[in-house]
Amino acid sequence: MVKIDFANLHAQYLKYKNEIDCAIQRVIDSSQFIMGEEVKELEDELSRFTNTQAITCANGTDALLIALMGIGIEPGDEVITTPFTFISTTEVIASLKAKPVFVDISEEDFNINAEKIESAITSKTKAIIPVSLFGQPSEMDKINEIAKNYQLRVIEDAAQSFGATYKGKRSCNLSELATTSFFPAKPLGCYGDGGAIFTSNTELAEKIRSIRNHGQIRRYYHKYVGLNSRLDTLQAAILRVKLKYYNNEIDIRNEVAKRYTSLLSDKITPKVKSEKTSVWAQYTVKIKSRDHIQGKLQSCGIPTAVHYPLPLHLQEAFAFCERKKGDFPVAEKASMEVLSLPFSAYLTEEEQGYICNKLNSFLGEE
Ligand SMILES: *Cc1c(COP(=O)(O)O)cnc(C)c1O
């Protein structure tokens with residue numbers, strides 16, 4: 001039977017094997033496992049790539065937490081975000097005893113509906129976290145404008161969109177603050193956990209740099225209550241290899257996405273809005289009888305995933321937000337219909353042909 005890999009991380013490793021193996025060996029030879037030279041080198045390279053200041057950390061969830069700590073989010077503060085995202089986005093708000101305030105998404109791109117943000121602002125609102133879901137940035141001009149008018153901070157959760165663009169600028173440099181993740185399955189992934197915070201604000205960059213390393217300003221002198229959230233030197237060295245080839249990976253990812261779009265019905269395919277590019281963290285279609293079709297694809301050796309089956313306002317952990325079913329109908333509908341197809345720069349034309357043939361025929365039977 002055909003066996004298709006959902007993200008095919010191994011094929012990518014084989015392509016860069018020599019350089020990655022050398023990078024790993026180099027770190028072991030230096031034995032600078034924590035905050036070695038390669039961490040600084042990577043940060044410089046990430047800064048050049050995004051044209052803003054990058055500070056690495058242990059994972060994408062900590063990146064968000066550190067960003068919120070950096071701007072001084074306190075218990076009782078409100079942070080506006082989307083209910084249609086991975087749990088991390090709101091988990092960090094709640095862990096600072098602040099409150100996530102949800103705003104429904106736009107049907108077109110699954111991102112927060114910028115038109116609905118203003119009505120969610122209260123005197124307690126301190127920040128907005130738009131999530132660039134599946135690899136495509138939100139309406140950042142509009143969001144930055146609202147933030148300016150109400151003196152709010154903006155943190156782009158770019159865990160899925162590192163390398164994407166909005167009006168010619170890179171994701172992670174579309175607002176004062178942004179965060180990303182280098183979890184293996186993200187568009188730019190390492191071989192374990194990793195993340196980064198980005199900011200155009202130099203003073204804030206210094207504070208964030210300090211928070212991710214126990215709030216130190218120099219060894220054993222602690223200005224802030226911080227975290228142990230450094231990126232391992234080994235992960236930095238691996239990421240430096242992958243970053244070198246990342247623009248090419250993005251190009252291939254876009255070719256793969258284009259091929260899906262040409263082989264599938266316009267009724268189910270994802271759309272990228274004008275003046276934006278996606279890095280396709282996921283290629284996510286919309287199907288009414290999603291669960292049924294997913295089962296059929298599975299039986300043909302086609303793995304798929306549901307990102308995400310339950311919006312965050314309906315999660316048990318967020319019951320304290322006191323939202324109920326029906327409050328965010330667009331997100332709720334999306335959660336019933338979304339299906340992410342196998343996707344990587346290493347998906348072959350034959351595999352895509354097979355996936356689309358099967359999917360089209362199952363949809364035809366409906
Ligand atoms: C993956 C992800 C995160 C968290 O990243 P980790 O590195 O796994 O902690 C945060 N937000 C979104 C939208 C993500 O997809």
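Before going into details, it helps to say that this report is about the structure given with it. Throughout this document, residue positions are counted from 1 along each chain, in the order its sequence is written. Given that the model is predicted, a residue must reach a pLDDT of at least 70 before its local features are reported, and side-chain atom pairs must reach 80 or more before they are shown or counted; all residues, however, enter totals for whole chains, interfaces and linings. As a convention, hydrogens and water are excluded, and side-chain values are obtained from all of the structure's heavy atoms.

**Topic: the site of the ligand**
Next, step 1: For the ligand, the set of nearby residues contains 14 residues, the closest of which are G60, T61, D157, S181 and K186.
Next, step 2: At 2.7 Å from an oxygen atom of the ligand is found a main-chain nitrogen or oxygen belonging to G60.
Next, step 3: In this structure, an oxygen atom belonging to the ligand sits 2.5 Å away from a side-chain N or O atom of T61.
Next, step 4: For the accessible areas, the method is Shrake-Rupley and the probe is 1.4 Å, while residue cover comes only from the protein chains on display. Out of a free accessible area of 390 Å², the ligand has 93% covered by protein chains. Only a single heavy atom is needed: when it lies within 4 Å of a molecule or strand, its residue is near that molecule or strand. The definition of a polar contact used here is a pair of N or O atoms within 3.5 Å, where within protein one atom must be able to donate a hydrogen and the other to accept one, and adjacent residues in sequence count solely through side-chain atom pairs.

**Let's talk about the sheet that holds strand β7 (residues 169–170)**
Next, step 1: Only strands that DSSP links by at least two bridges are regarded as paired with each other. Under the DSSP-based scheme used, a helix requires at least four consecutive residues in state H or I and a strand at least two consecutive residues in state E, with every element numbered from the N terminus. Reading across from one edge, β7-β6-β12 is the order of the 3 strands in this open sheet, with antiparallel pairing throughout. In this open sheet, the two edge strands, each paired with only one partner strand, are β7 and β12 (276–277).
Next, step 2: Pairing of strand β6 (residues 165–166) with β7, which is carried by 2 bridges, proceeds in the antiparallel orientation. Looking at the pairing, Y166 lines up with K169 of β7.

**Side note on the pairing of strand β3 (residues 99–102)**
Next, step 1: In this sheet, β3 lies alongside strand β2 (residues 78–81) in parallel orientation, the contact comprising 4 bridges. Bridge assignment links E78 to a residue of β3, and that residue is K99.
Next, step 2: Handedness of the crossover joining β2 and β3 through helix α4 (residues 88–95) is recorded here as right-handed. Handedness of a crossover is defined as follows: with both strands directed away from the viewer, a clockwise route from the first strand across the helix to the second makes it right-handed.

**Digging into the nonpolar core**
Next, step 1: Nonpolar core, defined: a set of buried Ala, Val, Leu, Ile, Met, Phe, Trp, Tyr and Cys residues in which side-chain atoms within 4.5 Å join the residues together. The rule is simple: take the accessible area with a 1.4 Å probe, protein chains only, and divide by the maximum for that residue type; under 20% is buried, over 50% is exposed, in between is partly exposed. L68, I71, I73, I155, L177 and I197 are the most contacted members of the largest nonpolar core, which has 25 residues in total.
Next, step 2: Broken down by secondary-structure element, the contributors of at least two residues to this core are β1 (53–57), α3 (60–70), α4, β4 (125–129) and α6 (202–211).
Next, step 3: Contacts: residue pairs with any heavy atoms within 4.5 Å of one another. Apart from the residues lying within four places of it in its own chain, the contact partners of I73 are L68, V79, L96, A98, K126 and A127.

**Description of the sheet that holds β1**
Next, step 1: Read across the sheet, 7 strands follow the order β1-β9-β8-β5-β4-β2-β3 without closing on themselves; strand pairing throughout is mixed. At either margin of the open sheet sits one strand with a lone partner, and together these are β1 and β3. Each strand of the sheet is rotated relative to its neighbour by a mean of 25°, with strand direction disregarded.
Next, step 2: One ladder, built from 5 bridges, connects β1 with strand β9 (residues 195–199); its direction is antiparallel. Within the sheet, the bridge partner assigned to C57 lies in β9 and is G195.
Next, step 3: Strands β1, β4, β5 (153–157), β8 (177–181) and β9 of the sheet are contacted by α3, whose axis makes an angle of about 165° with β8. Axis lines are fitted to C-alpha atoms, over the contacting stretch for helices. Their N-to-C directions set the angle, which ranges from 0 to 180 degrees.

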